[in-house]
Amino acid sequence: MSLWVQRTSTGGGTLVHYSTQTDGQGWCIVPIGFSSTGNITATVWAPQNHVTGPVLLVNTWTHIAITYSQANGLTLYVNGVSVGGTAPQPNDAPGTVVILTLGNSLSGDGCNSQSIVTGPFSGYLDEFCVYSRELSAREVFALTKNKTCSDGIMNGDETDIDCGGSCLTCAAGQKCILTKDCGSAHCINDICASATCDDAIQNNGETDVDCGGSNCSPCGTGNACSGAGDCASKSCASGICKNPTCSDGIMNGNETDIDCGDVSCQSFTYSSYKPYSTGNHPWSISIADIDNNNKNDIIVLNALDANFGIYFNQGNGIFQTPTMFQTASYPVFVGSADLNNDNKLDLIVAQASDNSIGLFLGLGNRSFSLPMNIPVGLYPYGIGIGDFNKDDNLDLVVVNDHDNTASVLFGYSNGSFKSASTLSTGSYVTAVAVADFNSDSYADFVTTDYSSNTVSLFINYGNGSFRKRIAYRTGTSPWGIAVTDFNHDNYIDVVAVNYDSNTMSVLLGNGNGTLRSQISYSTGQNPMGIAVADLNNDTHIDIVVANSGSNYLSIFLGYGNGSFTTATSLPTDSSVTAVAIADLNGDGRLDIAATTQNNKTLNILFNIC
């Protein structure tokens, strides 16, 4: 609400009264008025909170405004300046029609009024307005400006008629110079854009930036909320989204009733890690049955040594001393697939300093053909594998960190590749994952853009060419990435870890080639690697994060609805760079393998639940 007030005498009185009855009674409250000492006062229904402002001068026009939201509480403004506010409040707007009475409470003198004296106000009121949303401080200040902001002419410092500059903010489609001219949306090409759920501004009915409200995805833990529906956990307390627990009095997570029936609320157990020596700077890990003996082997890439070692599985979780293979300069990623359709697994390595990828075609006897080095962009850092053009041969997408591109290479049945296209990514792209994001049976891909703080989604046209990237905001410096279905809707979702903000971002897929806004979770220090799988056999996908600044892995158990528990830590050696998940001892349970940089080790943790 806002209005101009001129008092003609001292003392108290009602400025605004609202009630459900025409006589001022029923459910009623006095939101603005004067105390017996003449202080301007604003009230909120419960829990009996109020804000007391200064004594207003007599015979002087003064602008008064109050704003309210559950997340921000009640704020009182005098002449465009905040004079106080309350904490977040539990109550929403009235659920029924109310009658506003100005200057008097009529017979409703028993209504909630705090220190306001109910009864007639002596003076004048002008330009009383009621708004359908909480105004910003800048918008309240604009209401105190002179009449040029309402004369139907674009003048003063306005960017469009009666808006922008020092006037009220402009609506979508109106002209602007700066984002502040639009208030709650970006100024793009000198026009105020429409509010969206991924514009990094709290707007569009959101309770926090790009989340909450009826239009955007629920918020993650620690974000502001107005009610349970604003939180992915369905738990909103004191205006903040909380993690679901087995004792919060709410049926959330995967519980079948309040605080019970949730398999993920039960403990899961991993052994202490078993270390194996690696080379210098172990940077990437992959798990695959290289020798076709139905036992998963582990491949570790040693960046500074320009080689990779294969730890062949002897059974029962025991691994041999690694067999070493040389690569080109500074390898940073290794993956596996059958590239030439001979039923033998091959390895693909991103060789960053050589600006190439190396193909190691498997011979099926624990050895490989001589590597084939294929030139790509500058400093290739990650590789994705999929059949992009539906010719039944595997293709590759390579992300190039130093020229901000993705190289698409079409594969042939003999394991050779040709360059198909080069696409622009965000800045300093670090990783890529392949999946079908729009349910058309064609493989798309998504990248992490380290310096742009985004993930970029590339949708396949259906012939192996791709649309221009669609960027979605993440935390600071996204690095590792993984894709899967977290919420059982048969649509592919994305999770990325953010190196500099110590968080991971979960972006749920809509199944139509778009993603929802991120839900953020705290990780360890400087997360780099990530892997996903159902660790505790509850049918819900869980997440394991490798923290390069810590000596532990972060485990997030999935609730099956796209939300996750607070992280559990599994101790490792120092500086975890990469992580992978597979059954490593043949017991049917999923185990974890991780590389650590400072100790130069491979750590294996067995699932003993």
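For the chain, the name recorded in an unreviewed UniProt entry is LamG-like jellyroll fold domain-containing protein, with Adineta steineri as its organism.

**Q** What's the story with the overall build of the chain in this structure? I'm lost.
**A** Scanning the chain for helices and strands turns up 1 helix and 44 strands. When its C-alpha atoms are laid out on the principal axes, the chain stretches across 100 × 55 × 40 Å. Buried residues in the chain amount to 54% of all 609 residues. Counting contacts in the chain only where the partners sit at least 6 residues apart, residues at least 24 apart contribute 43% of the total. Summed over its atoms, the accessible surface of the chain is roughly 24100 Å², and 50% of this surface lies on carbon and sulfur atoms. Taken as two groups, the 22 positive and 54 negative side-chain charges of the chain have centres that lie 4 Å from each other.

**Q** Explanation requested: the sheet that holds strand 17 (residues 297-302) in the structure shown.
**A** Hydrogen bonds between backbone atoms are what pair the strands of a sheet, whose relative direction is either parallel or antiparallel. Strands sit in the order 16-17-18-21 across an open sheet of 4 strands; the sheet is antiparallel. Strand pairing shows two members of the sheet lacking a second neighbour, strand 16 (282-288) and strand 21 (323-326), which therefore form its edges. Averaged over all neighbouring strand pairs, the angle between strand axes comes to 20 degrees, with direction disregarded. In this sheet, strand 18 (residues 307-311) lies alongside strand 17 in antiparallel orientation, the contact comprising 5 bridges. Across the sheet, Ile299 pairs through a bridge with Ile310, a residue of strand 18.

**Q** Would you explain the state of the cysteines in this entry?
**A** When the sulfur atoms of two cysteines share a covalent bond, that bond is a disulfide. According to the stated counting rule, one finds 7 disulfides in the structure shown. A sulfur-sulfur separation of 2.1 Å characterises the disulfide bridge that pairs Cys211 with Cys219. Linking Cys211 and Cys219, the disulfide has an S-S dihedral of approximately 95 degrees and is accordingly described as right-handed. The exposure class assigned to Cys211 is buried, which follows from its relative accessible area of 2%. A relative accessible area of 1% places Cys219 in the buried class.

**Q** I would appreciate a short explanation of the domain arrangement of the chain in the present structure.
**A** Bring the parts together and some accessible area is lost; that lost area is often taken as the interface size. Domain boundaries assigned for the chain yield domain 1 (2-143) and domain 2 (284-533). Here domain 1 and domain 2 have C-alpha centroids that lie 59 Å from each other.

**Q** How do you make sense of the environment of Pro88 when you look at a structure like this?
**A** Here Pro88 is to be found in the loop between strand 8 (81-85) and strand 9 (99-102). Overall, the relative accessible area of 39% leaves Pro88 in the partly exposed class. The spacing of Pro88 and Ser427 is 339 residues in sequence and 39 Å in space, taken between C-alpha atoms. When residues no more than four places from it in sequence are discounted, the contact partners of Pro88 are Gln70, Ala71, Asn72, Gly73 and Ser238.

**Q** Hey, could you run me through empty space enclosed by the protein in this one?
**A** Where empty space is left can be seen by rolling a probe of water-molecule size over the atoms. Applying the stated criterion across every chain yields a total of 1 cavity of 30 Å³ or more. Its boundaries defined by the atoms lining it, the largest cavity holds a volume of some 40 Å³. Lining the largest cavity, in full, are Cys219, Gly220, Thr221, Ala232, Ser233, Cys241, Lys242, Asn243, Pro244, Tyr521, Ser563 and Phe564.

**Q** What's the story with the sheet that holds strand 9 in this structure? I'm lost.
**A** Pairing is antiparallel in the open sheet, where 5 strands are placed in the order 5-4-3-2-9. Edge positions in the sheet fall to strand 5 (49-55) and strand 9, since each has one partner strand and no second. Strand-to-strand twist of the sheet, defined as the mean angle between neighbouring strand axes without regard to direction, takes the value 15 degrees. Direction of pairing for strand 2 (residues 13-19) relative to strand 9: antiparallel, over a ladder of 4 bridges. By the bridge assignment, Ser19 is partnered in strand 9 with Ile99.

**Q** I keep staring at the nonpolar core and nothing clicks. Help me out?
**A** If you look at soluble globular proteins, the nonpolar side chains tend to sit buried side by side. Core analysis: the biggest nonpolar cluster contains 23 residues, and Ile357, Leu359 and Leu396 have the highest contact counts within it. Secondary structure elements with two or more residues in this core: strand 22 (331-337), strand 23 (346-351), strand 24 (356-360), strand 26 (380-386) and strand 27 (395-400). Here Leu359 is in contact with Leu339, Leu347, Ile348, Leu370, Pro371, Met372, Ile374, Leu396, Gly415 and Phe417, once residues within four sequence places are set aside. By size, the runner-up hydrophobic cluster in this structure holds 20 residues, among which are Ile29, Val51, Leu74 and Phe121.

**Q** Looking at this structure, how should I read the layout of surface pockets?
**A** The space that makes up the second largest pocket amounts to roughly 1000 Å³. Along the walls of the second largest pocket sit 36 residues, with Ile285, Phe333, Ile481, Ile530 and Val579 positioned nearest its centre. Going through the elements one at a time, strand 16, strand 22, strand 26, strand 30 (429-435), strand 34 (478-484), strand 38 (527-533) and strand 42 (576-582) are the ones with two or more residues in the lining of the second largest pocket. For the lining of the second largest pocket, the class distribution of residues is 26 nonpolar, 10 polar and no charged.

**Q** Help me understand the packing of aromatic side chains in this model?
**A** Aromatic rings considered in pairs are described by the distance between their centres and by the relative angle of their planes. Under the defined criterion, the tally for this structure stands at 20 aromatic pairs. Centre to centre, the rings of Tyr276 and Phe319 are 6.1 Å apart; their planes meet at 85 degrees, and the pair counts as edge-to-face. With Tyr276 in strand 15 (residues 274-277) and Phe319 in strand 20 (residues 318-319), this pair connects stretches of sequence that are 43 residues apart. Using a relative accessible area of 13% as the deciding quantity, one classes Tyr276 as buried. With 6.1 Å between their ring centres and 70 degrees between their planes, Tyr521 and Phe556 make a pair best called edge-to-face. One end of the pair, Tyr521, is in strand 37 (residues 519-522); the other, Phe556, is in strand 40 (residues 552-556), with 35 residues separating them in the sequence. Every member of this aromatic cluster is reached through a ring pair, and the members are Trp283, Tyr379, Tyr381, Tyr450, Trp479 and Tyr499. Taking the ring centre of Tyr442 as reference, the NZ or CZ of Lys390 above it sits at 4.4 Å.

Criteria and thresholds
- Throughout, residues of each chain are indexed from 1 in the direction in which the sequence is written.
- Under the rules for a predicted model, residues below a pLDDT of 70 receive no local features and side-chain atom pairs below 80 are neither given nor counted, while totals for whole chains, interfaces and linings still include all residues.
- Only hydrogens and water are set aside when side-chain values are computed; all heavy atoms of the structure are taken into account.
- For helices the rule is a DSSP run of H or I covering at least 4 residues; for strands it is a run of E covering at least 2, with both sets numbered from the N terminus onward.
- To sort residues, take the accessible area from a 1.4 Å probe on protein chains only and compare it with the maximum for the residue type: under 20% means buried, over 50% means exposed, and anything in between is partly exposed.
- Every residue pair with non-hydrogen atoms within 4.5 Å of one another is taken to be in contact.
- Computed with a 1.4 Å probe, the accessible areas rest on the Shrake-Rupley method; for each residue, only the protein chains presented here act as cover.
- By the counting scheme adopted, Arg and Lys are positive, Glu and Asp are negative, and His together with the chain ends is not counted.
- Positions of charges follow a simple convention, taking NZ of Lys, CZ of Arg, CG of Asp or CD of Glu.
- Note on pairing: DSSP must find at least two bridges between two strands before they are called paired.
- As a rule, the C-alpha atoms of each element are fitted with a line to give its axis, helices using only the stretch in contact, and angles between N-to-C directions run from 0 to 180 degrees.
- For the purposes of this analysis, a disulfide is any pair of cysteine sulfur atoms at a distance within 2.5 Å.
- As used throughout, domain bounds are those supplied by an automatic or database domain assignment.
- As defined here, a cavity is a set of points on a 1 Å grid over the protein atoms alone where a 1.4 Å probe fits but cannot get out. A pocket is an open set with protein on both sides within 12 Å along at least five of seven lines, and residues line them when an atom is within 4 Å of a point.
- Grid points are joined across faces, edges and corners, and a volume is the space filled by probe spheres set on the points.
- Note on terminology: a nonpolar core comprises buried Ala, Val, Leu, Ile, Met, Phe, Trp, Tyr and Cys residues joined through side-chain atoms within 4.5 Å.
- Side-chain classes are defined by residue name, with Ala, Val, Leu, Ile, Met, Phe, Trp, Tyr, Cys and Pro counting as nonpolar, Asp, Glu, Lys and Arg as charged, and the others, Gly among them, as polar.
- Aromatic rings from Phe, Tyr and Trp, with only the six-membered ring used for Trp, were paired whenever their centres fell within 6.5 Å, and each pair was classed as stacked if the ring planes differed by under 30 degrees, edge-to-face if by over 60, and tilted otherwise.
- Any Lys NZ or Arg CZ found within 6 Å of a ring centre and within 35 degrees of that ring's normal is scored as a charge over the ring.

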